[in-house]
Amino acid sequence: MDLIDGAPRAEISQPIPQAVFSVDGVAPDERFSLWKESISFMFQVEADHAVRSDEFTAEVDAHMFGQIILARTKSRKQFWERSELTIAKDGMDHFMIQLFETGDMIFEHDGAQHSVAQDGLIIFDLARTSKSWTNTFSNLSLIIPRELLEPKLVYPDGQHMRRLPAAQPMVQLLYSHIKTLKELSGQLSLSQAADINPATISLVTACLNSTSEGVALDEANSHAAQIMLAKRTISEHLSNPDLSPETVAIKAGISRSKLYEMFRNYGGVKSFILEQRLKGAMMALISNSNAHRSNSEIAFSFGFTYESTFSRAFKKRFSMTPSEARNSAGIAWTRAMSTPNVDRRYEDWVKYL
């Protein structure tokens, strides 16, 4: 097999993965139930009886660009909620930028209702709660893991439910980039996607940082620097079984009370540390490069003292044992279909991003 920079030519020239979920092939009276079950990993949705019963449609056309996902979602009028319970159960920690191609959205934020019109852009911080209502719509969602974007942002904690001003040139550039990326996604290879990722993240960063009007930058910079330092400290010491909030506070030079306040939206410092350990262990378990390592070795490398403790926490978080995750031959890519002929891989792509 020919190699390019050490990588198999066939592998890097493969098209990027695509998953298309649709309820169109399902009995009409089962469509909304299937959609509600599918999207429940991310949002709880509800719709009026007339909407559910009148030829309900829902489609998610997703492409996986390595570490980011771009998906077009089309559906009918409905209510969306990302609750504390949903956040606690799925543990997702991504930023999502939505572009409304058609239709619009009303959402609650800071005790008031706001709207996003057609062609509007809005940012979701998936570690925080949200409530919104959409009319019949088509939107594009660009989903980026927090660790790829947050360190580059001036004010990472000020992004949730931000509407980006359409008149600004940087917003127009981002709008065009997202639209074009989706249009060309079926023609791009894995290697091209790898090249596009940094450019996309850089454009998103430039856009969000250049439209921070109204933000007290001195305070924002200080807060962003502190939480980034704390997270970096945690990341660098995950293998230490004695890592604790007290240790993080000392190493990051932050008071314990300030540390607890900063991680309140993450369920607390201990919860954040455990989540990082479990997510790291999951990725290690399903990686082919770790096939020679035992479950216990991987557990110990992420700071777990006992394999039994790791296994219980892992099963509680992912609803499967470490061995089941490993033996599933890459569950994040080959989800078993609970409904025949319905492609639900996008769910795992987002969950394990």
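Reference entry: report on the structure contained in this document. Starting from 1, residues in each chain are numbered consecutively following that chain's sequence as written. Per-residue local features of the predicted model are confined to residues with pLDDT of at least 70, and side-chain atom pairs are confined, for both listing and counting, to 80 or more; whole-chain, interface and lining totals are unaffected and use all residues. Remark: hydrogens and water are excluded; side-chain values derive from all non-hydrogen atoms of the structure.

Judged by pairing direction, the sheet is antiparallel, and its 7 strands sit side by side in the order 3-5-6-13-8-11-14 without closing on themselves. Of all strands in the sheet, those bounded by a partner on one side alone are strand 3 (18-22) and strand 14 (162-164). When the angles between neighbouring strand axes are averaged without regard to direction, this sheet yields 20 degrees. Strand direction decides the pairing type here: strand 5 (residues 58-65) and strand 6 (residues 68-75), joined by 8 bridges, are antiparallel. For Ala-58, the partnering residue across the bridge sits in strand 6 and is Ser-75. The strands touched by helix 2 (residues 31-39) are strand 3, strand 5 and strand 6; relative to strand 3, the strand with the most contacts, the crossing angle is about 140 degrees. Contacting strand 5, strand 6, strand 8 (94-102), strand 11 (121-125), strand 13 (137-145) and strand 14, helix 7 (residues 190-210) crosses the sheet at an angle of about 100 degrees to strand 13. Pairing between two strands requires that DSSP report at least two bridges joining them. Each helix is a run of H or I in the DSSP string that is no shorter than four residues. Each strand is a run of E no shorter than two, and both are numbered from the N terminus. Here an angle of 0 to 180 degrees is reported between the N-to-C directions of two axes, which are lines fitted to C-alpha atoms, with helices fitted over the stretch in contact. A contact between two residues is defined here by any heavy atoms of the two lying within 4.5 Å.

A few words on the nonpolar core. Counting 39 residues, the largest nonpolar core has Phe-21, Trp-35, Met-42, Ile-69 and Tyr-346 as its most contacted members. Among the nonpolar cores identified, the runner-up in size contains 28 residues, and Ile-16, Leu-153, Ile-178 and Ile-201 belong to it. Here the nonpolar core consists of buried residues drawn from Ala, Val, Leu, Ile, Met, Phe, Trp, Tyr and Cys, with membership extended through side-chain atoms lying within 4.5 Å. A 1.4 Å probe rolled over the protein chains alone gives each residue an accessible area, and that area as a share of the maximum for its type sets the label: buried under 20%, exposed over 50%, partly exposed in between.

What follows concerns the pairing of strand 9 (residues 105-109). A one-sided burial pattern is seen for strand 9, the buried positions being Met-105, Phe-107 and His-109 and the unburied ones Ile-106 and Glu-108. Where strand 9 meets strand 10 (residues 112-116), 5 bridges bridge the pair, whose relative direction is antiparallel. Bridged to His-109 within strand 10 is Ala-112. In sequence, strand 9 turns back onto strand 10 through a hairpin of 2 residues, with Asp-110 there showing a positive phi of about 55 degrees. Summarising the sheet, strand 9 and strand 12 (residues 130-134) pair through 4 bridges and their orientation is antiparallel. From the neighbouring strand, Glu-108 faces strand 12, where its bridge partner is Lys-131.

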